[in-house]
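Secondary and tertiary structure notes
Here are the chains, one letter per residue:
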Amino acid sequence: MGRTAIAVCGLLSLYHIHLATALPSTLYPRTSSARYDYVVVGGGNAGLAVASRLTEDPSVTVVVLEAGPNAEDLPDVFIPGFAGAGKSFASLNWAYKTVPQENFGGRAVGVAAGKALGGGTVINSMIHPRAEKEQYDGWGVLNDDPQWTWEALLPYFKKSESFVSPDEYQVQNDVRDLEEVHGTSSEGRVKVGFPNYFYPQSHLWASAIDFEPSPDLADGKPQGTVGVSPNALDAHNNTRCSAACGYYTPFKDRPNLTVLTEVLATKIVWDPPAANTTLRAVAVQFQAKDGHMWQVFVRKEVVLSAGAIGSPKILELSGVGNATILERAGVKTVLDLPTVGENFIDHVHSWANAFTTAELTRDSLKLDPDLDEEQQQLWYLNRTGMYSAAPRTLSLALPSQLFKDDVELNDLLEKTRKDAKYYAELFSNGNENLARGIEWQYEFALKGLEEDNSAPVEINFEPGYAGPTKNFSDRPARKFSAINAVLVNPWSRGRTHISSSDAKDMPTIDPAYYAHPLDLITHVKSIQLGREMLRMPPLDTIYDGEFEPGDDVKTEDALTEWAVDTSGSDNHIMGSLAMMPEEYGGVVDSRLRVYGVENVRVVDASIIPFPISAHLSATVYMIAERGSDFIKEDARMGRA
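Residues numbered from 1 in each chain as written. Predicted model: local features only at pLDDT ≥ 70, side-chain atom pairs only at ≥ 80, totals over all residues. Heavy atoms only, no water.

Along the protein chain, the regular secondary structure elements total 19 helices and 25 strands. Its C-alpha atoms give the protein chain a radius of gyration of 24 Å, near enough to 26 Å, the size a compact globule of 640 residues would have. Dimensions of the protein chain along its principal axes, counting C-alpha atoms only, are 70 × 60 × 45 Å. For the protein chain, with 640 residues in total, the buried portion stands at 62%. The contacts of the protein chain with a sequence gap of at least 6 include a subset with a gap of at least 24, amounting to 75%. Here the protein chain has roughly 23300 Å² of accessible surface; of this, 51% comes from carbon and sulfur atoms. Charge separation in the protein chain, taken as the distance between the mean sites of 56 positive and 85 negative side-chain charges, equals 7 Å. (Helix = DSSP H or I, 4+ residues; strand = E, 2+ residues; numbered from the N terminus. Rg over C-alpha atoms; globule rule 2.2 N^0.38 Å. Buried < 20%, exposed > 50% of the residue type's maximum accessible area, 1.4 Å probe, protein only. Contact = heavy atoms within 4.5 Å. Areas by Shrake-Rupley, 256 points an atom, 1.4 Å probe, with all protein chains shown as cover. Lys, Arg positive; Asp, Glu negative; His and termini not counted. Charge placed at Lys NZ, Arg CZ, Asp CG, Glu CD.)

The sites that UniProt annotates as "domain: Glucose-methanol-choline oxidoreductase N-terminal" (unreviewed entry) are residues 307–321. Helix makes up 73% of residues 307–321 and strand 13%. Its end C-alpha atoms lie 16 Å apart. (UniProt positions renumbered as here; feature names shortened; annotations may be inferred.)

Quick look at a negative patch on the surface now. On the surface, a cluster of negative charge is contributed by D368, D370, E373 and E374. With respect to the element layout, E373 can be found in helix 12 (residues 369–382). (Patch = residues over 30% accessible without salt bridge, like charges linked within 9 Å, V, L, I, M, F, W, Y side chains within 5 Å. Salt bridge = Lys/Arg side-chain N within 4 Å of Asp/Glu carboxyl O.)

It is worth spelling out the packing of aromatic side chains at this point. Following the criterion strictly, the structure yields 28 aromatic pairs and no others. Residues F104 and Y513 carry aromatic rings whose centres are separated by 4.9 Å and whose planes lie at 15° to one another, so their mutual orientation is stacked. Pair noted here: F104 is in the loop between strand 3 (96–97) and strand 4 (110–111) and Y513 is in the loop between strand 22 (508–510) and helix 17 (517–533), with a separation of 409 residues, a long-range link. You'll find F104 and Y513 in the same group, each marked buried. Ring centres of Y197 and Y199 lie 5.1 Å apart, and the angle between their planes is 85°; this geometry places the pair in the edge-to-face category. Assigned by exposure class, Y197 and Y199 land together as buried. (Phe/Tyr/Trp six-rings, centres within 6.5 Å; stacked < 30°, edge-to-face > 60°.)

Extensive coverage of strand 18 (residues 393–397) is indicated by the burial of five of its five residues. Burial along strand 18 is two-sided: T393, S395 and A397 and L394 and L396, pointing in opposite directions, are all buried. Taken together, the three bridges between strand 8 (residues 225–228) and strand 18 define a ladder with antiparallel strand orientation. Bridge pairing in strand 18 places G227 opposite L394. Examined bridge by bridge, strand 18 and strand 19 (residues 457–462) share five bridges and lie antiparallel to one another. Directly across from T393, in strand 19, lies its bridge partner F461. (Pairing = 2+ DSSP bridges.)

A few words now on the pairing of strand 20 (residues 480–487). Judged by how many residues are buried, strand 20 sits mostly within the fold: eight of eight residues are covered. Burial along strand 20 is two-sided: the face carrying F480, A482, N484 and V486 and the face carrying S481, I483, A485 and L487 are both buried. Where strand 17 (residues 345–356) meets strand 20, eight bridges bridge the pair, whose relative direction is antiparallel. Bridge pairing in strand 20 places A354 opposite S481. Relative to strand 20, strand 19 runs antiparallel, the two being bridged by six bridges. What sits directly across from N460, in strand 20, is N484.

Take helix 14 (residues 406–418) next. A rise of 1.5 Å per residue sets the reference length of helix 14, with its 13 residues, at 18 Å; its end C-alpha atoms lie 18 Å apart and thus fit the reference within 8%. All buried positions along helix 14 are accounted for by L409, L412, L413 and T416. Looking down the long axis of helix 14, one finds its buried residues gathered within 95° of arc, a one-sided arrangement. Facing away from the buried side of helix 14 by over 90 degrees, the exposed positions are V407 and K418. Where helix 14 is buried, its residues meet helix 13 (399–402), helix 15 (420–427), helix 16 (432–450) and helix 17. Among the residues of helix 14, the N-terminal cap falls to D405, whose side-chain oxygen and the backbone nitrogen of V407 are separated by 2.9 Å. (Expected span 1.5 Å × (residues − 1). Arc of directions from axis to C-beta. Polar contact = N/O pair within 3.5 Å; in protein donor to acceptor, adjacent residues only side chain to side chain.)

The subject of this paragraph is the packing of helix 14 against helix 16. Taken N-terminus to C-terminus, the directions of helix 14 and helix 16 make an angle of 170°; their axes are 11 Å apart at the nearest point. In terms of their interaxial angle, helix 14 and helix 16 are classed as roughly antiparallel. Crossing angle aside, the handedness with which helix 14 passes helix 16 is left-handed. Each of L413, T416 and R417 in helix 14 lies in contact with helix 16, whose residues at this interface are E443, L446, L449 and E450. Classifying every residue of the contact of helix 14 with helix 16 gives three nonpolar, one polar and three charged. (Axes fitted to C-alpha atoms, helices over the stretch in contact; angles between N-to-C directions. Parallel < 35°, antiparallel > 145°, perpendicular 65-115°, else oblique. Left-handed = near helix turned anticlockwise from the far one by under 90°. Nonpolar A, V, L, I, M, F, W, Y, C, P; charged D, E, K, R; others polar.)

Along the chain, the position of Y595 falls in the loop between strand 24 (568–574) and strand 25 (600–602). Considered as a pair, Y595 and T258 are 337 residues apart in the sequence and their alpha carbons are 28 Å apart.

Next up on the list: helix 18 (residues 556–566). For helix 18, the set of buried residues is L559, W562, A563, V564 and T566. On its buried face, helix 18 sits against strand 17, helix 17, strand 23 (543–548) and strand 24.

When the UniProt feature table is mapped onto this chain, "active site" (unreviewed entry) is found at H572 and H615. In summary, the annotated positions, though distributed over 44 residues, converge in three dimensions, the widest C-alpha pair being only 6.8 Å. By the element assignment, H572 lies in strand 24. On the accessibility criterion, H572 (10% relative accessible area) is buried. The residues contacting H572, other than those within four sequence positions of it, are I345, D346, H347, A614, H615 and L616.

Another point: the environment of T560. With respect to the element layout, T560 can be found in helix 18. On a C-alpha basis, the gap between T560 and I527 in space is 9.5 Å, while along the polypeptide they are 33 residues apart. Contacts of T560, omitting those with residues within four sequence positions, involve L520 and V524.

What follows is the structure in structure tokens.
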């Protein structure tokens, strides 16, 4: 892959900033030109973890630049029952919009991403499982690096968490755990455990389906099983534990850790390169809340942890990316790295939901204001009741559990194999290296499907409404049971790129949902399975008729049309700065260093090279723990 370094001149004056909170830019000191050892762009899931681990060494200085506020003290954030539904989900959200999606009937779709200290871990549903062992092993095979395998990464999963084993009540409600796969030492950071409140219908659902009970959804073998997901939850007081809770608040008084909130990183400033040298970052520019522009020096490394949309955006605004795209946006190319922002992946979400005769659901809190008030007071009184939990029982469905007809499945896989090269080239945006990389991904995914040991979808139970009719007033004032059907192994690959040279402008985001035919076919099968599950004994004892897709959606063609009209993002975006070899279109190497740049590393979900069958937070924490050790090792070796 061709990469060209282009000289950059005219650096602005640089100011050292040492603050623990966001302040008006008029208060930023201008008296020093001292450098930070590390500048971390993004104070989310990964960024806070990296900053916290690096500043364990008191001689190391780190500054974190975060666009959102510190929202840890908001009830909408720390009360589990508000997960995914409180006002904070809107106010602490980048609320990205895709371009109109051809295979979604021309709809533009919202993509949620946390805009707060703690990132997505502040607004997500706190679901905290891990993906398949074989998928992590695949990262190692793809990159020819044994440091990226399940066995090598398990210590980093464990290092990120402080796990509380289930009590007797939780075990009675289907919770299972394997102590050997969890972190329980004082070194662990994010509190992980299980809620103290369960809706009985979740147990009915787990009993209704023919999936094997999972011994632990964090054991690397979730496929084909059903279980209660671990939560990013402090089980001792039943509060959310975000990245801020785990990695920042206990350490916020470290004198070598500076966190600036409500500042927008706008670009990396480069040292003008000499001939035959690699590019080197010397500063990061950011904009304060009042519009003033500032910069901070970096002595060792810039760490990009702004997520699968934010991190490629910063690189492109800094002149690193596809020269044609940069020129169109009005940005001078500094380094031609054409796959920045490509290989973009998102899980796809759909639903099946039914009316229920169950005594209580999450809908009950909206239907009965007195009950809602009672349950909120109960939570504040003793951390119990319906607001103390956001329980989720989930399963990972194998191909054989989705496709009852072996002939149909085998025909689909055969066609997918024949078409692999065509779709790899289609999704590569004209880059031959990336086409080879995507084709490798397809071969890896096909092997898992053909051997029936990799799960293309997650199906989870919701004791309340979940569906496309978002406004409470637009649906019947009744109680619901819902199945969330999530395509976790999509074959489509999209892209995200800057739309202008202004950092305040939203990028152009095209996940290319359903652009590969296997995605739509598989997802429709999972929605249909969800519909059937709601009617299975013993769940049928509380079934009171289907609401969505609805009784008029009878055929597979009609269900396909419904999926196209209603499905959306599951907000699990990844892959846009893929950790792959250069000859496969990668953007970072297996030590997370950007190709062609001396001292910029990416540590977030954008490095995940192909989709994984899990919610992302646990995996991103692991990436951050693994990346922190790489940074420390390279510093000791004098490579930073």
